[in-house]
Amino acid sequence: MSAMKLLAGNSNRALAEAIAAHLDISLCRAHVRRFADGEIWVEVLENVRGQDVFMIQSTSAPANDHLLELLIMADALRRASARRITAVIPYFGYARQDRKQGPRTPISAKLVANLITRAGVDRILTVDLHAGQLQGFFDIPTDNLFAAPVIVADIKSHRDLKNTMVVSPDVGGVVRARALAKRIDAPLAIVDKRRERAGESEVMNIIGDVSGYNCILIDDIVDSGGTLCNAAEALLAAGAASVHAYITHGVLSGEAATRIATSKLKELVITDTIRATELVQSAANIRVIPIGSLIGEAIARTAREESVSSLFD
């Protein structure tokens, strides 16, 4: 561990400090700031020659600024002769653009993966990628951590599992929901929805009998909150006793926090992969759980060349 350094960008300083506390080391002294015209400037204030450096930076809003910070930090470390550079990206913001949506459209997730690799990063460590196959977009080793252990621990400490049902908010999330249902020994249901346009969704049907159950919606990202709110209404209309939601990445852009606060969701639980805004912090039915210890342990195992996947066995 003496040859390891942690470097934090500006996207989520609190999470970086929590990771450093778990590892019992200090964050590397550095200046990551902007000139008057908005240009990003990075200066690492400690010797990193021959060191194993972990850069902690989510590409959350403003996504482009935080991405460019990550790239410039990587370039600074490469030019300072760091032995290995690992980009710890708790939330990989371009993951939803993982395929061509139509003619003459980009695959932005692949472009961003190429940019990170060309900047000099040797390894990626991220949490709950939107799709597992995104690991193949990187031409360098990529560890996709799962928030499931943190979520399961919270569910077991806050919920009565005797009358609980896990619900996937769409067909695409069935694998994630099934894995959680297996961990807590609960039945599974699925919300069948039809998305008319980006950012909007219409719930069509509930697959499974949710009558009388306390339902837990599980997903990787909540952005506008429309899908969750519609799903909660549909589940309650189908006879569910209550609806909670556990989401790894609380993007919660625009009026999402207000929408969740006034919805029929009893509680939305998110991790701190993304720094919570004041609106999120003030919402009575939104709660943030820490994930720094999980990421910190993965970093420690990577530095010691130990298995990371065994964290989730």
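Here, the structure is the one placed above.
What this report covers is the structure whose coordinates are included nearby. (Residues numbered from 1 in each chain as written. Predicted model: local features only at pLDDT ≥ 70, side-chain atom pairs only at ≥ 80, totals over all residues. Heavy atoms only, no water.)

1. Some words on helix α9 (residues 292-303)
Heads up, the condition is: Helix numbering and strand numbering both begin at the N terminus, where a helix is a DSSP run of H or I of at least 4 residues and a strand a DSSP run of E of at least 2. A helix is expected to reach a length of 1.5 Å times the quantity of its residues less one. Relative accessibility decides the category of a residue: with a 1.4 Å probe and only protein chains considered, values under 20% of the type maximum give buried, values over 50% give exposed, and everything between is partly exposed.
Given a rise of 1.5 Å per residue, 12 residues ought to cover 16 Å, and the 16 Å separating the end C-alpha atoms of α9 matches this to within 8%. Most of α9 is tucked away: nine of the 12 residues are buried. Positioned one or two residues after α9, Glu 305 has a phi angle of 60°, which is positive.

2. With respect to the pattern of salt bridges
The following threshold applies: Salt bridge, as used here, is a side-chain nitrogen of Lys or Arg placed within 4 Å of a carboxyl oxygen of Asp or Glu.
Counted according to the given criterion, the structure contains 22 salt bridges. Where Asp 52 meets Arg 84, a salt bridge forms, and the shortest distance between an N and an O atom there is 2.7 Å. A residue pair is termed long-range when its members are at least 10 positions apart, and Asp 52 in strand β4 (residues 52-56) and Arg 84 in strand β5 (residues 84-89) qualify at 32 residues. Taken individually, Asp 52 and Arg 84 each receive the classification buried, so the pair is uniform in this respect. Here Arg 176 and Asp 219 are joined by a salt bridge, their closest N and O atoms 3.6 Å apart. In this pair, Arg 176 sits in helix α5 (residues 174-184) while Asp 219 sits in strand β11 (residues 214-222), placing the two residues 43 residues apart along the sequence. Judged by its relative accessible area of 25%, Arg 176 falls in the partly exposed class.

3. Observations regarding the sheet that holds β5
In plain terms, the rule: Strand pairing is assigned whenever DSSP detects at least two bridges linking the two strands. Convention adopted: a line fitted to C-alpha atoms gives each axis, helices being fitted over their contacting stretch, and angles between N-to-C directions are expressed from 0 to 180 degrees. By definition in these notes, contact holds between two residues if any of their heavy atoms fall within 4.5 Å.
Spatial ordering of the open sheet is given by β1-β4-β5-β6-β7, a layout of five strands whose pairing is parallel. Two strands bound the open sheet, and with one partner strand each, they are β1 (4-8) and β7 (142-145). Adjacent strand axes in the sheet meet at a mean angle of 20°, parallel and antiparallel pairs treated alike. Bridging between β4 and β5 involves five bridges; their strand directions are parallel. The residue bridging Ile 56 from the neighbouring strand is Val 88, located in β5. α9 rests against β1, β4, β5, β6 (123-127) and β7 of the sheet, and its axis sits at about 160° to β6.

4. Remarks on the packing of aromatic side chains
Let me state the cut-off plainly: Centres within 6.5 Å make a pair out of two Phe, Tyr or Trp rings, where for Trp the six-membered ring is used; the pair is then stacked when the planes are under 30 degrees apart, edge-to-face when over 60, and tilted otherwise.
Tallied over the full model, the rule gives three aromatic pairs. Here Phe 92 and Phe 138 contribute two aromatic rings whose centre-to-centre distance is 5.7 Å and whose plane-to-plane angle is 55°, an arrangement assigned as tilted. Here Phe 138 lies in the loop between β6 and β7 and Phe 92 lies in the loop between β5 and α3 (108-118), a separation of 46 residues in the sequence. A single burial state applies to Phe 92 and to Phe 138, both of which are buried. Between Phe 146 and Phe 312, the aromatic rings sit 5.4 Å apart at their centres with planes inclined by 85°, giving edge-to-face as the arrangement. Here Phe 312 lies in the segment after α9 and Phe 146 lies in the loop between β7 and α4 (148-158), a separation of 166 residues in the sequence. Using a relative accessible area of 40% as the deciding quantity, one classes Phe 146 as partly exposed. For Phe 312, a relative accessible area of 15% translates into the label buried.

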